[in-house]
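Chain by chain, the residues run as shown.
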Amino acid sequence: MLTRLIYAFVIFLVIFTPLELLFPLHSQKFFRRGWWADFLHFFVTRIFVNLCLAIAIFFLLPVLDQLINPNIQNLIAAQPFVLQLTIAVFVQELGAYFAHRLLHTVPFLWKFHAIHHSSEEIDWLSAARLHPLDQTFTRICGFIPLYILGFTKEILGLYIVVVTFNAIFIHANVRFKFGPLKWIVATPEFHRWHHVNDPAVYTKNLAGTFPVIDLIFGTLYLPKDKSPTQYGIGEPISDQYLSQLIHPFWRNENPQIDR
């Protein structure tokens, strides 16, 4: 697993770092504030998440197996591979969207998700800043409908690759405009508004891949001729990796609930 993570890190580094250096939206250092914590999140948190997922799935499978409908699974299996992948990503997106919405509106869940939003400088590596329990919750919510519908391991594996690459891409510090494409697929132009330190947009642009989901549920926000300038949240969170892991457990103040 560590080898795969190293390969992935190098690939993302080679793809996105030159783009961020040549076409940055915001001027910021390569080793910006919190870079090393995000570096550890990329490697160590991923290991924690996989462990938590394995435990959660072990206990969930007996329950989920009772919800399986063979007729629906056979219908899914009969579709072309590309259509299956498209359906899988969209179905996962719906599950992840509502999980993300809960992460912003349920105080207990927000304590964990706040770690991701504590980044005040956004780039491709900041996508990795995720508390393990936050990411486990989101991944489980996306996994459940995919398992019930009976998608194959090949589809699930490719979906993970697609979703992971897109999650990195939408955090990239690039100033590219994507024209009409921004209404079809999530882009940095779309997602950076989700990280703005402004209560008016705290619960906007929650979808990770398809902005149409935000459009359907009334959470889309893409103003014309305007770019975000300040990211983060209105509470202090350490830039140190271990402090970020324990932050949700030792904080005593009431978390914000209007996100």
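Preceding block: the structure.
Residues numbered from 1 in each chain as written. Predicted model: local features only at pLDDT ≥ 70, side-chain atom pairs only at ≥ 80, totals over all residues. Heavy atoms only, no water.

(A) How the structure looks around the overall build of the chain. A count of helices and strands for the chain gives 10 helices and 0 strands. Order of helices (α) and strands (β) in the chain, N terminus to C terminus: α-α-α-α-α-α-α-α-α-α. Seen through its principal axes, the chain has C-alpha atoms that stretch 55 × 45 × 40 Å. Across the chain, the fraction of contacts at a sequence separation of at least 24, relative to all contacts at a separation of at least 6, is 77%. By element, 70% of the accessible surface of the chain is carried by carbon and sulfur atoms, the whole surface being about 13200 Å². Averaging the positions of the 19 positive and the 17 negative side-chain charges in the chain gives two centres separated by 2 Å. (Helix = DSSP H or I, 4+ residues; strand = E, 2+ residues; numbered from the N terminus. Contact = heavy atoms within 4.5 Å. Areas by Shrake-Rupley, 256 points an atom, 1.4 Å probe, with all protein chains shown as cover. Lys, Arg positive; Asp, Glu negative; His and termini not counted. Charge placed at Lys NZ, Arg CZ, Asp CG, Glu CD.)

(B) The side chain of H247, seen in detail. Secondary-structure assignment places H247 in helix α10 (residues 241-250). When residues no more than four places from it in sequence are discounted, the contact partners of H247 are I115, E235, P236 and I237.

(C) How the structure looks around the nonpolar core. Residues F9, F12, F16, F42, W124, L125 and I168 are the most contacted members of the largest nonpolar core, which totals 24 residues. Elements that contribute at least two residues to this core include exactly α1 (2-22), α2 (35-64) and α7 (153-169). Of all the elements, α1 adds the most residues to this core, at 4 residues. Those residues within four positions of F12 in sequence are excluded, and the remaining contacts are T17, F42, W124, T164, F165 and I168. With 15 residues, the next largest nonpolar core counts I155, L156, Y159 and I213 among its residues. (Core = buried A, V, L, I, M, F, W, Y, C linked by side-chain atoms within 4.5 Å. Buried < 20%, exposed > 50% of the residue type's maximum accessible area, 1.4 Å probe, protein only.)

(D) Main features of a nonpolar patch on the surface. On the surface, F90, F98, V212, L215, I216 and F217 cluster together to form a nonpolar patch covering roughly 530 Å² of accessible area. Those elements that place two or more of their residues in the nonpolar patch are α4 (81-105) and α9 (211-216). Here the element with the most residues in the nonpolar patch is α9; it accounts for 3 residues. Within the secondary structure, F217 sits in the loop between α9 and α10. (Patch = residues over 30% accessible without salt bridge, like charges linked within 9 Å, V, L, I, M, F, W, Y side chains within 5 Å. Salt bridge = Lys/Arg side-chain N within 4 Å of Asp/Glu carboxyl O.)

(E) Region of the structure containing the layout of surface pockets. Roughly 1200 Å³ of internal volume is contained in the largest pocket. As for the largest pocket, its lining consists of 44 residues, and the residues nearest its centre are R46, Q135, R139, T164 and A167. Of all the secondary structure elements, the ones that give two or more residues to the lining of the largest pocket are α1, α2, α4, α5 (107-117), α6 (132-149) and α7. Here the lining of the largest pocket gets 10 residues from one element, more than from any other, and that element is α7. Partitioned by chemical class, the residues of the lining of the largest pocket number 23 nonpolar, 16 polar and 5 charged. In terms of lining residues, the second largest pocket is bounded by L53, A54, I57, R139, I140, F143, K153, L156, G157, Y159 and I160. Breaking the lining of the second largest pocket down by element, the ones donating at least two residues are α2, α6 and α7. In terms of residues, the lining of the second largest pocket owes the most to one element, α7, which gives 5 residues. (1 Å grid on protein atoms, 1.4 Å probe; cavity = no way out; pocket = protein on both sides within 12 Å on 5 of 7 lines; lining within 4 Å. Points joined across faces, edges and corners; volume = space filled by probe spheres on them. Nonpolar A, V, L, I, M, F, W, Y, C, P; charged D, E, K, R; others polar.)

(F) Up close: α5. The element α5 is extensively covered by neighbouring structure, given that 9 of its 11 residues are classed as buried. Every buried residue of α5 is listed here: L109, W110, K111, F112, H113, A114, I115, H116 and H117. Lining the buried residues of α5 we find α2, α4, α6 and α10.

(G) Local environment of unusual backbone geometry. For N205, which is not a glycine, the phi torsion comes out positive at approximately 55°. Secondary-structure assignment places N205 in the loop between α8 (188-191) and α9.

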